[in-house]
Amino acid sequence: MNGSFRQSMAWLHTWVGLLLGWLLVAIFITGTSAYFREEITLWMEPETHDSTLTPNTLDMAVAVLNDKASDARSWDISLPSARHTVAELRWQPLQQRQQQGGGRNRGESVSMDADSGQVVEPRDTAGGNFLYRFHYQLHGVPREVGRWVVCLATMFMLIAIISGVITHKKIFKDFFTFRPGKGQRSWLDAHNATAVLALPFHFMITYSGLLLFMTMLMPWGIDAAYPENRRDFFSEVFSRGGEEAQRPGNPAEMVDIKPLIAQTEAHFGKPVTRIGVTNPNRDNAVISLRVDRDPAITARQRGGDPVQVYNGVNGELQETLLPSEDPVSPSWRIYNVFTSLHMARFADPLTRWLFFLFGIAGSAMAITGMLLWVNKRTQQLKRDQVPGSSLKLVKGLNMATISGLMIAIAAYFIGNRLLPVTLENRGDQEIQVFFLVWLAALIHALLRPNRSGWQEQVALGTVLWLAVPVINVLTTDSHLFTAVAWQHPALASVDLVCLAFAGAGGYTFWRLIRKPAPAKHAPRKKPAKRTAPSTTAPAGENS
Amino acid sequence: MTPLSITSRTLAAALGGYALSALCAMALAVILPMPRNEAVITGILVAFLLCACAAIWAFSVRSAWRAWGGIALVSLVFGALYLIGSPP
C-alpha cells in the first residue's frame with residue numbers, strides 16, 4: 001500500500017465521518033439503549049411492577065380469556081419472564097377486522113397481573129420502544145424515509161470502518177497506545193482504542209444493520225430469482241408454519257391445560273413460557289405449549305422455539321416440534337448469526353450487559369471521532385484567530401448530539417414519571433418532552449459552542465440523570481428502597497444505570513471545571529501556541 | 001482532489017456502487033448452483049460488502065474516470081452473468 005492510498009482513505013474517513021457523525025452518535029446511543037428496551041418499557045410502566053408468577057396465573061389467564069373472548073379464533077398467553085412482570089393475553093376475535101395493506105392482524109390484547117388476576121392498564125407510554133424505533137427509523141419523518149436515511153448512515157459507517165482500518169498501518173500498536181492529557185493526541189488515542197477494541201462489534205452491527213433491511217435495500221436479487229412473485233421467497237424462508245387455522249368447530253368442553261403443562265415441562269426440562277390455543281372451547285381446539293429454546297445464534301430467529309401440540313378436547317399429544325434443529329444452510333447461518341448478534345436475541349443477562357458495554361464503546365468511538373475533528377481544526381488556528389462560523393457550527397452540533405441527547409433521554413424518563421397518568425395522548429406527550437428538551441439543548445449549544453457551554457450541559461445532564469431514580473422514589477412503589485425493584489432485577493438495573501450515568505456526568509463536569517493544567521509536552525512546538533488544550537476541553541477552549 | 005473530481009467520485013460511489021451491488025445480488029441469485037432462497041441470501045451477503053468496497057475504490061484510484069471505469073467493468077460482468085443465468 002502506498003502512502004497516497006492511505007492519505008485518500010484518511011480523507012474519506014474524515015469527511016464521511018463528519019457528514020454522518022451526528023446521526024451515527026444518535027443511532028448508537030439510542031440503539032445501545034435498545035438492548036434493554038424491554039427493561040426500559042417495564043420500568044416506564046410502574047402499574048405492572050407488583051406482579052409475580054404463581055401456580056394459579058395460568059388458570060386466571062384462561063378465566064380472563066373466557067370472560068373476554070370465549071369464542072375467539074385463537075388465544076395466546078405469554079407468562080411473565082425476567083424481563084416482563086405481567087402476563088400478556090392476546091386473542092384473535094371471531095370476526096376479524098379487515099386489515100389494510102395486508103399486514104398481519106395483531107388482534108386484541110390485555111395485560112394481566114400475574115398474582116391477582118386483575119387486568120392491568122399501565123400508563124400510556126412508548127417506553128423503550130421509542131428509543132429502539134428511533135435508532136432505525138428516526139421520528140417524525142415517514143417510516144420509509146427514516147429507514148433509508150439510517151441505512152445510508154450505516155453504509156457510510158461500513159465505509160468509514162474499512163477506510164479507517166486502512167488508515168491505520170499500525171492498527172495493533174495504536175490500540176496499545178494511550179497518551180492521556182495531551183489534547184488532540186489523547187482524543188486520537190481514545191478514538192483508536194474504542195474503535196479497534198470493539199472493531200468486530202462495529203463491523204457486525206453495521207453489516208447486520210444493512211442485512212436486517214435487505215428487502216428494502218436490495219430486493220433485486222429476490223426479484224431476479226423469484227420473477228413470478230416476491231412473496232414466494234418470504235413464505236419459503238420466513239414461514240412460521242401452522243398458520244392456516246382451521247374453521248371453528250362446534251362448542252365443546254376443553255381439557256384442563258395444567259396437567260399438559262406439567263407433561264411438556266417434564267419432556268423439555270424447562271418451564272413453559274407461552275401457551276397458544278386455536279379454536280378455544282370448540283371440538284377442534286388445539287393447544288400448543290412453548291418453552292424457550294436454547295440459545296443458538298445460527299438458528300432461525302422466528303418460530304424457533306420447541307413446542308408440543310395437544311388435542312384441546314381429550315388432551316392427547318399430537319406432535320413435538322424442535323424447529324431450531326432444522327438444518328440451516330451456510331449462507332442462512334451467516335445471515336442468522338449477524339442478525340441475531342445485532343439484536344442480541346440469544347443473549348442471557350450477562351451477555352446482554354456485554355453488548356450494552358460494546359454499544360457504549362461504539363458511541364464513544366463516534367463521539368471521540370467528532371471531538372477529534374473539531375480539536376484538530378481548533379489547534380490549526382493561528383494565535384488570536386477566532387474560529388470561523390462553520391467550526392462553531394460543528395462544535396455546537398457536537399454538543400447538541402452528545403450531551404444534548406443524553407439530557408433529552410433523561411428528560412424522557414422524568415417525563416414518564418411526572419406527566420399526569422390520565423393525560424390525553426400521554427405516550428406522545430412523553431416523546432414531545434424528549435424532543436423539546438433536545439431542541440432547547442441544540443439552541444443552547446449553538447449559542448454557546450464553547451467550554452462554558454459544555455460545563456452547563458454536562459452539569460444539567462448530571463442533575464437530570466441523578467433526578468431519575470430520586471423522582472422514582474417519590475412517585476412509585478418500586479424504587480431502589482423497595483423489595484419489588486430487587487425482586488425484578490430489571491427494575492433496579494434501570495435506576496442503577498441512571499446513577500452510573502450521573503456519576504460519569506459528575507466526573508466529566510469535574511474535569512471540565514478544573515483549570516486545564518499546562519501540558520508537559522505540547523503536541524507541537526509552535527511558539528504561537530498558548531497551552532495545548534487538555535483532555536478536559538472536548539471542544540477546545542475558545543470561551 | 002478538485003471539487004469536480006470529488007463530486008464525480010461521490011456519484012460513482014453512491015450510484016455506481018449501488019448499481020454494482022444490485023447487479024451482483026441479481027447475478028448470484030440466478031447463477032449459483034444452490035436452492036433459490038440460498039442463492040438469494042448469498043447474493044445479498046456479498047452485495048453489501050461489494051457496495052462498501054466500490055465506494056472505497058472510487059476514492060482511492062488516481063482519477064474519477066478510473067473510478068467510473070472500474071465500477072462499470074465489474075457491473076458489466078455481473079450483468080452478463082445475470083443474463084446467462086436468468087430463466088428464459
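What counts, and where the lines are drawn
Residues numbered from 1 in each chain as written. Chains lettered and ligands numbered in written order. Predicted model: local features only at pLDDT ≥ 70, side-chain atom pairs only at ≥ 80, totals over all residues. Heavy atoms only, no water. Helix = DSSP H or I, 4+ residues; strand = E, 2+ residues; numbered from the N terminus. Contact = heavy atoms within 4.5 Å. Areas by Shrake-Rupley, 256 points an atom, 1.4 Å probe, with all protein chains shown as cover. Buried < 20%, exposed > 50% of the residue type's maximum accessible area, 1.4 Å probe, protein only. Patch = residues over 30% accessible without salt bridge, like charges linked within 9 Å, V, L, I, M, F, W, Y side chains within 5 Å. Salt bridge = Lys/Arg side-chain N within 4 Å of Asp/Glu carboxyl O. Pairing = 2+ DSSP bridges. Core = buried A, V, L, I, M, F, W, Y, C linked by side-chain atoms within 4.5 Å. Buried area = accessible area lost by both parts, 1.4 Å probe. Polar contact = N/O pair within 3.5 Å; in protein donor to acceptor, adjacent residues only side chain to side chain. Axes fitted to C-alpha atoms, helices over the stretch in contact; angles between N-to-C directions. Parallel < 35°, antiparallel > 145°, perpendicular 65-115°, else oblique. Left-handed = near helix turned anticlockwise from the far one by under 90°. Nonpolar A, V, L, I, M, F, W, Y, C, P; charged D, E, K, R; others polar. pLDDT = per-residue confidence, 0-100.

**Quick notes on the overall build of chain B**
Across its full length, chain B carries three helices and zero strands. Along chain B, helices (α) and strands (β) appear in the sequence α-α-α when read from the amino end. Seen through its C-alpha atoms, chain B measures out along the principal axes to roughly 45 × 20 × 15 Å. Of the contacts made within chain B by residues no fewer than 6 positions apart, 67% connect residues no fewer than 24 positions apart. Summed over its atoms, the accessible surface of chain B is roughly 4,200 Å², and 78% of this surface lies on carbon and sulfur atoms.

**A look at the overall build of chain A**
For chain A, the helix and strand inventory stands at 19 helices and eight strands. The buried share among the 543 residues of chain A stands at 50%. Expressed as a percentage of contacts within chain A between residues at least 6 apart in sequence, the contacts between residues at least 24 apart total 68%. When the accessible surface of chain A is split by element, carbon and sulfur atoms take 58% of a total near 26,500 Å².

**A few points about a nonpolar patch on the surface**
All names here are of chain A. On the surface, a nonpolar cluster with roughly 590 Å² of combined accessible area is contributed by Leu466, Val470, Leu474, Trp486, Leu496 and Leu499. Secondary structure elements with two or more residues in the nonpolar patch: helix H17 (451-475) and helix H19 (489-513). It is H17 that provides the largest number of residues to the nonpolar patch, a total of three residues. Relative to the helices and strands, Leu466 is located in helix H17.

**Section: the pairing of strand E8 (residues 317-321) of chain A**
The pairing of strand E7 (residues 307-311) of chain A with E8(A) spans four bridges and is classified as antiparallel. Directly across from A:Tyr310, in E8(A), lies its bridge partner A:Leu317.

**Some details on the nonpolar core**
Ranked by internal contacts, the top residues of the largest apolar core, which has 129 residues, are A:Phe413, A:Phe434 and B:Phe48. Residue contacts for B:Phe48: discarding those within four places in its chain leaves A:Met155, A:Leu158, A:Tyr207, A:Leu210, A:Leu211, A:Met214, A:Leu217 and A:Met218. Of all hydrophobic cores here, the second largest spans 29 residues; its members include A:Met60, A:Ala69, A:Met112 and A:Val272.

**Here's the deal with unusual backbone geometry**
Residue and element names in this part refer to chain A. Here Leu138, not a glycine, exhibits a phi torsion of approximately 55°, which is positive. Position of Leu138 among the secondary structure elements: in the loop between helix H4 (128-137) and helix H5 (143-167). For Leu138, a relative accessible area of 16% corresponds to the buried category. One non-glycine residue with positive phi stands out, namely Asn281, at about 60°. Along the polypeptide, Asn281 turns up in the loop between strand E5 (272-278) and strand E6 (286-291).

**Considering the interface of chain B and chain A**
Contacts between the two partners involve 29 residues from chain B and, on the opposite side, 35 residues from chain A. Contact with chain A buries area across many residues of chain B, yet B:Arg36, B:Phe48 and B:Ile56 alone supply 24% of it, more than any other trio. For B:Arg36, the salt bridge identified is with A:Glu228, shortest N-O distance 3.2 Å. Run the count over chain B and chain A and you get 10 residue pairs in polar contact (both at pLDDT 80 or more).

**What to know about the packing of H5(A) against helix H2 (residues 36-60) of chain B**
Direction vectors running N to C along H5(A) and H2(B) enclose 60°, while the axes themselves pass 9 Å from each other. Looking at the two axes, H5(A) sits oblique to H2(B). Between H5(A) and H2(B) lies a crossing of right-handed hand. Contacts from A:Met155, A:Leu158, A:Ile159, A:Ile162, A:Ser163 and A:Ile166 in H5(A) reach B:Phe48, B:Cys51, B:Ala52, B:Ala55 and B:Ile56 in H2(B). Residues that form the contact of H5(A) with H2(B) fall into these classes: 10 nonpolar, one polar and no charged.

**Points about the pairing of strand E1 (residues 74-78) of chain A**
All names here are of chain A. Among the five residues of E1, four are classified as buried, and the element is accordingly described as predominantly covered. Examined bridge by bridge, E1 and strand E2 (residues 87-92) share five bridges and lie antiparallel to one another. Across the sheet, the residue bridging to Ser74 is Gln92, located in E2. Relative to E5, E1 runs antiparallel, the two sharing five bridges. Its bridge partner lying in E5, Ile77 is registered against Ile275.

**What about the sheet that holds E2(A)?**
Residue and element names in this part refer to chain A. Reading across the sheet, the eight strands line up as E4-E3-E2-E1-E5-E6-E7-E8 and stay open at both edges, with antiparallel pairing between neighbours. Of all strands in the sheet, those with a lone pairing partner are strand E4 (119-120) and E8, marking the two edges. Relative to strand E3 (residues 108-112), E2 runs antiparallel, the two being bridged by five bridges. By the bridge assignment for E3, Arg90 is matched with Ser109. Packing against the sheet, helix H12 (residues 257-268) makes contact with E5, E6, E7 and E8, and its axis sits at approximately 40° to E6.

**Remarks on the environment of A:Gln487**
Residue and element names in this part refer to chain A. Positionally, Gln487 belongs in helix H18 (residues 483-487). Given the relative accessible area of 46%, Gln487 is considered partly exposed. Taking the C-alpha atoms as reference points, Gln487 and Asp305, 182 residues apart in sequence, are found 27 Å from one another.

**Focus on the confidence of the model for chain B**
Residue and element names in this part refer to chain B. Per-residue confidence for chain B averages 93 on the pLDDT scale, and 98% of its residues sit at or above 70. Looking across chain B, the model is least confident in helix H1 (residues 3-31), with a mean pLDDT of 93, and most confident in helix H3 (residues 64-85), with 96. Per the prediction output, this complex has pTM 0.88; the corresponding ipTM is 0.95.

**Some details on the pattern of salt bridges**
For side chains of opposite charge, pairing can occur when their charged atoms come near one another. Residue and element names in this part refer to chain A. For the structure shown, the criterion picks out 10 salt bridges over all chains. Here Arg426 ties to Glu430 by a salt bridge, and the two come within 2.5 Å at their closest N and O atoms. One end of the pair is Arg426 and the other is Glu430, both in helix H16 (residues 426-447) and four residues apart, which spans about a single turn. Between Glu456 and Arg448 there is a salt bridge; the shortest N-O distance is 2.9 Å.

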